[in-house]
Amino acid sequence: MVPREISLFLASLFLLPFAVQAQEHNTSKPKARVIMVGVNGMELDIIRPLILKGEMPNLSRVIESGAYGKLRTVSGPNCPRVYSTLFTSTKPEEHGVTGFLVGGITANTHMLKEEPIWSMLSKSGITVGMANVPATFPVMPVNGYMISGMLTRGKNCEDGVLCAPKLSEVTGGDAVYPRSMREELLKNVGDFYIDCERMPSAADLKGHEAEVINNWLGKVQTIRDQQTKLFDYLLTSHPTNFTFLAQSCEDRTGHWLYPITPFNVGYNASINSVRQDAFPNQYVAFDKVLGTILKHADENTYVVIVSDHGIKPLREFEEKDPHAHADHEKTTPVIAKHDFADGDDVPGSVFIMGPGIKHDFRLMGLEASVYDIAPTLLHIYGIEQPKQMRGRILSEVFVGHENKVAAKN
Ligand SMILES: [Zn+2]
């Protein structure tokens, strides 16, 4: 079933050239430019020491030039559930994408019951470009392009299980809108992995732990290199007013290679002592991706970095749950997770810089939430917040607004 608003948008696509033309005549003010970067499960506990050590110079630059803080997430936060909340500023029960599986079927965009931000922006004549954003498969028509991300289905993908198809291996729907762009990407970027590699199983690891871990991390870096090339290509050849790019390897690595100690639940020396640097290194590598993205941002560009949740080592109460130490397919040993019943255990984070955004400004507490991202984006474009949205504009990050819930760093 397609919600009414989305049907209307599909219908309006045919009229789009006329709508865009009309806008050009009516307004002389240039549209805001926003580059949003989603980092899956970015954990502040891990990145803070890296910032102190100077190992994330690009993120440090965003912090110094902008505002940042924790981002309250939803209960039981998993990626499709939180991202769909981020897209719509509505509760999971309202937008319909409540988890990896909904009614036994892998979460997909046909399930979205509330209008997502990309549709609202497109209808207002804003050009939209998106790549590798979780829970955007099959892709939907936008006033620009969309390349799907995590939960894209392909060769050998089982329902509700993470899987990493290449662009050429996608099945069950389109991974690229418009369709004509698929060939262009294959030619200019190559046959890239759409999502990060899934984790190895306990059976694969047994007796070959160090080798399997090192090979897996090598593949992760290959995927990140491909994503960097893709993002650079899109920002160069297809610039849009609103661009939303996402990374997922950080979260995947954290689940089973979080640097825990023998006192943590689930510690297994043969796995967890092999590469204590693996998880922090993901953020150092992310910072390089961010550096490539920032080359495309001038002083008039808003840069918004958002993490849907954090990730923490398993807790003492996990001992009672027989599945707690395994991932979605119940085979990979995990030692950290984020879908705790209390979402406040694993807040995400937000970093924003751009015209009119305060500098070196820290949001305190958990007053900013994943519900607030879409209203704040609409505010930047001067679009009124629709009634169904539950979030608020993060007005305290803009110069000239009271510091109700924030304090100068
Ligand atoms: Zn996530």
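All values derive from a computational prediction rather than experimental measurement. (Residues numbered from 1 in each chain as written. Predicted model: local features only at pLDDT ≥ 70, side-chain atom pairs only at ≥ 80, totals over all residues. Heavy atoms only, no water.)

Enquirer: So, the overall build of the chain: which residues are in play, and what are the values?
Expert: Secondary structure summary: the chain contains 14 helices and 14 strands in total. Across the 409 residues of the chain, 58% fall into the buried class. Considering only contacts within the chain whose residues lie at least 6 apart along the sequence, 74% involve residues at least 24 apart. Accessible area of the chain: about 16800 Å², with a carbon and sulfur share of 53%. (Helix = DSSP H or I, 4+ residues; strand = E, 2+ residues; numbered from the N terminus. Buried < 20%, exposed > 50% of the residue type's maximum accessible area, 1.4 Å probe, protein only. Contact = heavy atoms within 4.5 Å. Areas by Shrake-Rupley, 256 points an atom, 1.4 Å probe, with all protein chains shown as cover.)

Enquirer: Outline the packing of aromatic side chains, supporting the account with residue identities and numerical values.
Expert: Given two aromatic rings, their pairing is described by the distance between the two centres and the angle made by the two planes. A complete count under the given rule lists eight aromatic pairs for this structure. Ring geometry for Tyr83 versus Phe87: centroids 6.0 Å apart, planes at 55°, classification tilted. Highlighted residues: Tyr83 and Phe87, both in helix H5 (residues 79-88), separated by four residues, approximately one helical turn. Judged by relative accessible area, Phe87 falls into the buried class, the value being 0%. (Phe/Tyr/Trp six-rings, centres within 6.5 Å; stacked < 30°, edge-to-face > 60°.)

Enquirer: For the environment of Leu59, give the residues involved together with the corresponding values.
Expert: Within the secondary structure, Leu59 sits in helix H4 (residues 57-65). On the accessibility criterion, Leu59 (0% relative accessible area) is buried. Taking the C-alpha atoms as reference, Leu59 lies 8.5 Å from Phe351; in sequence the two are 292 residues apart.

Enquirer: Provide a residue-level description of the state of the cysteines, including the pertinent values.
Expert: Taken as a whole and assessed by the stated rule, the structure comprises two disulfides. At a sulfur-sulfur separation of 1.8 Å, the disulfide partner of Cys157 is Cys163. Through a disulfide, Cys196 is tied to Cys249; the S-S separation comes to 2.1 Å. Torsion about the S-S bond of the Cys196 and Cys249 cystine: about 110°, corresponding to right-handed handedness. Remark: Cys249 occurs in helix H11 (residues 249-257) and Cys196 occurs in the loop between helix H8 (180-188) and helix H9 (202-205); sequence separation between them is 53 residues. Accessibility classification places Cys196 together with Cys249 in one group, the buried group. When the bonded cysteines of the chain are counted from the start of the sequence, the pairing works out to 1-2, 3-4. (Disulfide = S-S within 2.5 Å.)

Enquirer: Break down the nonpolar core for me, citing the residues and quoting the values.
Expert: Counting 55 residues, the largest nonpolar core has Trp118, Phe242 and Phe244 as the members making the most contacts within it. Here Phe242 is in contact with Val34, Met36, Leu121, Ile126, Thr127, Val128, Gly129, Leu377 and Tyr381, once residues within four sequence places are set aside. In this structure, Ile46, Leu59, Ile305 and Ala336 belong to the second largest nonpolar core, which totals 50 residues. (Core = buried A, V, L, I, M, F, W, Y, C linked by side-chain atoms within 4.5 Å.)

Enquirer: Requested: an account of the coordination of the zinc ion, with residues and values cited.
Expert: Four donors placed tetrahedrally about a metal ideally form angles of 109.5 degrees, and six donors placed octahedrally ideally form angles of 90 or 180 degrees. Around the zinc ion, the protein contributes the donor atoms Asn40 (OD1), Cys79 (SG), Asp308 (OD) and His309 (NE2), at 2.0 to 2.1 Å from the metal centre. Around the zinc ion, the four donor atoms are arranged such that angles at the metal cover 96 to 126°; this shape is classified as tetrahedral. When the donor residues of the zinc ion are listed from N- to C-terminus, their spacing reads N-x38-C-x228-D-H. Linking Asn40 in the loop between strand E1 (33-39) and helix H3 (44-52) with Asp308 in the loop between strand E9 (301-307) and strand E10 (312-313), this pair joins segments that are 268 residues apart in sequence. The exposure classification of Asn40 matches that of Asp308, with both residues buried. (Donors = N, O, S within 2.8 Å, 3.2 Å for Na, K, Ca; no water. Tetrahedral: all angles 85-135°; square planar, octahedral: opposite > 155°, others 65-115°.)

Enquirer: How would you summarise the pattern of salt bridges if you had to cite specific residues and measurements?
Expert: Between side chains of opposite charge, a pair can form when the charged atoms approach closely. Taken as a whole, this structure holds 16 salt bridges when the rule is applied. Arg182 serves as the salt-bridge partner of Glu183, at 3.1 Å between the closest nitrogen and oxygen. Close ionic contact of Lys337 with Asp339 constitutes a salt bridge, the shortest N to O distance being 3.7 Å. Sharing partners across several salt bridges, the network here consists of Glu43, Asp45 and Lys312. (Salt bridge = Lys/Arg side-chain N within 4 Å of Asp/Glu carboxyl O.)

Enquirer: Would you mind going over the pairing of strand E8 (residues 242-247) in detail, with residue names and values included?
Expert: Successive residues of a regular strand alternate their side chains across the two faces of the sheet. Burial analysis of E8 places six of its six residues in the buried class, the great majority of the element. Because side chains alternate across E8, one face comprises the buried residues Phe242, Phe244 and Ala246, and the other comprises Thr243, Leu245 and Gln247, equally buried. Bridge analysis of strand E5 (residues 128-132) against E8 gives four bridges, and the strand direction is parallel. Paired with Ala131 across the bridge in E8 is Leu245. (Pairing = 2+ DSSP bridges.)

Enquirer: Explain the side chain of Asp287 residue by residue, including any values.
Expert: Within the secondary structure, Asp287 sits in helix H13 (residues 278-294). No salt bridge is formed by the buried Asp287. Its closest oppositely charged neighbour is Lys288, at 7.3 Å. Asp287 has contacts with Glu55, Met56, Pro57, Asn58 and Leu59, leaving out every residue within four places of it along the chain. (Lys, Arg positive; Asp, Glu negative; His and termini not counted.)

Enquirer: Please give an account of the environment of Thr253 that cites residues and values.
Expert: The residue Thr253 is located in helix H11 in this model. Distance in space between the C-alpha atoms of Thr253 and Trp216 is 9.5 Å, their sequence separation being 37 residues. If we skip the residues at most four places from it in the chain, Thr253 touches Trp216, Leu217, Tyr258, Ala278, Phe279 and Gln282.

Enquirer: Any details on unusual backbone geometry? Residues and values, ideally.
Expert: In this chain, Phe137 is followed by Pro138 through a cis amide linkage whose omega measures -10°. Structurally, Pro138 is set in the loop between E5 and strand E6 (144-149). That bond from Tyr177 to Pro178 is cis: its omega, -5°, falls within 30 degrees of zero. On the secondary structure map, Pro178 appears in the loop between strand E7 (176-177) and H8. Here the phi dihedral of Leu151 falls at roughly 85°; this positive angle occurs in a residue that is not glycine. With respect to the secondary-structure elements, Leu151 resides in the loop between E6 and E7. You can call Leu151 buried: its relative accessible area is 3%.

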